[in-house]
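Examining the three-dimensional arrangement
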Amino acid sequence: MGMSVSEDRAATHDAQLATTQDLGSDSPNPAPVQKPVARSEPDIDHDRQQSSSAPVSPGARRGAASFLASLGKRLATLAIALVALLIALLTWQQYVMAPWTRDGTVRVQVANVAPQISGQINDIRVVDNQYVHKGEVLYTIEPFDFEVAQQTGVATVQQRAADLQVKQVESERRQHLTNLATTAEEQQIFAGNAVQAKAALDAAQQQLAQAEINLKRTSVVSPVNGYVTNLLMRVGDFAHAGTSNISVIDTDSFWIDGYFEETKLARICVGDRVEAKLMGYGQPVTGRVGTVTRGISVSNAAAGAQGLPNVDPVYTWVRLAQRVPVRISIDTVPSGVPLVSGMTATVTVRPAAEVARPNWFERMRRDVVDRLTDLFNDPLPRPNCLPVMTIQRVPTESIPAETVPGATSPEQINPGLAPGMDLSPRNR
């Protein structure tokens, strides 16, 4: 009969123990030998499980922890490097290709007011930086000389009108006389005198109109609504006709010029929303792209001494982008933000598609995708961005032009002069 594995192991152990006892029987005090107890199969399996689940040594633990830490550091370094590369690419794209510029300037129309007549200033009605309305008097010129000229013109017109009336009557009377009382030559002379008197009256009336206009022009008025600026005149100064001596800033004409690099024009369209942040103010001025300048000065276009193109040599390999002015019409100005001509601004163009995205997460995602795409592909211009024909706003402000008054008849100037002079001698 075959023996079991446990019984076989127990028999082998007893044989080894007996051999040990025989070898040590010669010792004076042999140690007592305990007979081993036979072990069952479940006990042996339990010992095996305990040996397999024995704790790992500290050295093995330290090695595993060091490997995991090293792997984590490498992954973190790689992630940081990727994020830094992405930020660098987006920053480069934003700086080079996005439609924005720090080179923006607030501009305005300035009315350089000059008198239309010459004379001494006798009254100044405004002070520096005062707001004035259109038609408000700025200063006046001594009117004495012009009043004298106007009154002289009135007297001259009356004289010329009376002379015309008399000569017309004389001419008409001669025309009704027979050849026995007058001659054809005399009739022509009196008719010619009447025509000359009519021409003299017309000239006198025009001179009177000029004198009245000059008298009116002694009060110099503002042509626009705005602020008086850089006022340097004083009472007693002599005003020369056609020479500007006071300036008024037209507050209805403010706009912003953004000088964009030519590499950014593909993203700018007429009508796009614009935000202009003035230096020193947090809230931006909003507006729209009005027009894009179609020409800038070219230094190489100037002709030389022989009429040939004068091309400047360029030794650098870096080609700088030209800057093109973009005119921005202002829509709204935040409360408390003054518009001063010459102020600098950071101008940012917001395309219509970007403004229409309500979700900020979607807007951010699209911005990142678009910018990364533009890094490798040149941006395509949007259709109909710059129309061929630019429709300018019709100006609503204008200065009323002076008109020449109509001629006045001699009867209206001198009514009832010499009644009965037009009657024939037979009816007197």
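Let me begin by describing the structure that accompanies this report. (Residues numbered from 1 in each chain as written. Predicted model: local features only at pLDDT ≥ 70, side-chain atom pairs only at ≥ 80, totals over all residues. Heavy atoms only, no water.)

For the rest of this paragraph, the subject is the overall build of the protein. Helix and strand counts for the protein stand at eight helices and 14 strands. Counting every position in the protein, which comprises 428 residues, the buried fraction comes to 24%. A sequence separation of at least 24 residues applies to 79% of the contacts in the protein between residues at least 6 apart. For the protein, the accessible area works out to roughly 29600 Å², and carbon and sulfur atoms hold 57% of it. (Helix = DSSP H or I, 4+ residues; strand = E, 2+ residues; numbered from the N terminus. Buried < 20%, exposed > 50% of the residue type's maximum accessible area, 1.4 Å probe, protein only. Contact = heavy atoms within 4.5 Å. Areas by Shrake-Rupley, 256 points an atom, 1.4 Å probe, with all protein chains shown as cover.)

Over its 33 residues, helix H5 (residues 184-216) runs 48 Å from end to end, which matches the ideal 48 Å to within 8%, given 1.5 Å per residue. The secondary structure elements touched by the buried residues of H5 are helix H4 (144-176) and helix H8 (410-413). Sitting at the amino-terminal end of H5 is Thr183, which places a side-chain oxygen 3.2 Å from the backbone nitrogen of Glu186. (Expected span 1.5 Å × (residues − 1). Polar contact = N/O pair within 3.5 Å; in protein donor to acceptor, adjacent residues only side chain to side chain.)

So, about the sheet that holds strand S3 (residues 119-124). Strand order in this open sheet of four strands is S6-S5-S3-S8, and the pairing throughout is antiparallel. The open sheet has two edge strands with one neighbour each: strand S6 (219-221) and strand S8 (238-239). In this structure, S3 lies alongside S8, joined through two bridges in antiparallel fashion. Considered in S8, the bridge of Gln120 is made with Phe238. (Pairing = 2+ DSSP bridges.)

Attention shifts here to the packing of aromatic side chains. Between two aromatic rings, the relevant description is the distance of the centres plus the angle of the planes. Overall, the coordinates contain one aromatic pair when judged by the stated rule. Their ring planes at 70 degrees and their centres at 5.2 Å tell us that Tyr131 and Tyr227 sit as a pair that is edge-to-face. Within this pair, whereas Tyr131 is found in strand S4 (residues 131-132), its partner Tyr227 is found in strand S7 (residues 226-229), the two being separated by 96 residues in sequence. Among the residues examined, Tyr227 registers a relative accessible area of 40% and is labelled partly exposed. (Phe/Tyr/Trp six-rings, centres within 6.5 Å; stacked < 30°, edge-to-face > 60°.)

With that out of the way, let us pick up the pattern of salt bridges. Side-chain pairs of opposite charge can arise where the charged atoms are in close proximity. Enumeration over the complete set of coordinates arrives at nine salt bridges. Salt-bridge contacts for Asp202 lead to Lys198; the nearest nitrogen and oxygen are separated by 2.9 Å. On the criterion of helical spacing, the pair formed by Asp202 and Lys198 is a turn pair, its members being four residues apart in helix H5. The closest approach of N and O atoms between Arg288 and Asp331, which form a salt bridge, is 3.8 Å. (Salt bridge = Lys/Arg side-chain N within 4 Å of Asp/Glu carboxyl O.)

Another aspect to go through is the pairing of strand S12 (residues 285-292). When you tally the buried positions in S12, you get six out of eight residues, the bulk of the element. As defined by bridge partners, strand S11 (residues 273-278) adjoins S12 across four bridges and the pair is classed as antiparallel. Each bridged residue has a counterpart across the sheet, and for Glu275 the counterpart in S12 is Thr286. Hairpin remark: S11 followed by S12, antiparallel, with six residues in the connecting loop; positive phi at Gly280, about 100 degrees.

Attention shifts here to the sheet that holds S12. A barrel is described by the order of its strands in space; here six strands give the closed sequence S1-S10-S13-S12-S11-S14, paired in antiparallel fashion. Along the sheet, successive strands turn relative to each other by an average axial angle of 40 degrees, direction set aside. Inspection of the sheet shows strand S1 (residues 100-107) paired to strand S10 (residues 255-261) by four bridges, in the antiparallel sense. What sits directly across from Arg107, in S10, is Trp255. (Axes fitted to C-alpha atoms, helices over the stretch in contact; angles between N-to-C directions.)

It is characteristic of soluble globular proteins that their nonpolar side chains tend to be buried jointly. Core analysis: the biggest nonpolar cluster contains 21 residues, and Val106, Ile256, Phe260, Val274, Leu278 and Val347 have the highest contact counts within it. Looking at this core, the elements that each hand over two or more residues are S10, S11, S12, strand S13 (323-332) and strand S14 (344-350). Setting aside chain neighbours within four positions, we find Val274 in contact with Val285, Thr286, Gly287, Arg288, Val289, Ile328, Val347, Thr348 and Val349. (Core = buried A, V, L, I, M, F, W, Y, C linked by side-chain atoms within 4.5 Å.)

Next up on the list: unusual backbone geometry. Unlike most non-glycine residues, Asn129 shows phi in positive territory, near 65 degrees. In this structure, Asn129 sits in the loop between S3 and S4. We classify Asn129 as exposed; its relative accessible area is 53%. Positive phi outside glycine occurs at Asn230, with the angle close to 55 degrees. Locating Asn230 in the fold gives a position in the loop between S7 and S8.

What describes two packed helices is the angle between their axes and the distance between those same axes. Where H4 meets H5, the axes come as close as 7 Å, and the angle between the chain directions of the two elements is 160 degrees. When the interaxial angle is binned, H4 and H5 end up roughly antiparallel. Along this stretch, H4 crosses H5, giving a crossing that reads as left-handed. Residues belonging to the contact of H4 with H5 are distributed by class as follows: 16 nonpolar, ten polar and nine charged. (Parallel < 35°, antiparallel > 145°, perpendicular 65-115°, else oblique. Left-handed = near helix turned anticlockwise from the far one by under 90°. Nonpolar A, V, L, I, M, F, W, Y, C, P; charged D, E, K, R; others polar.)

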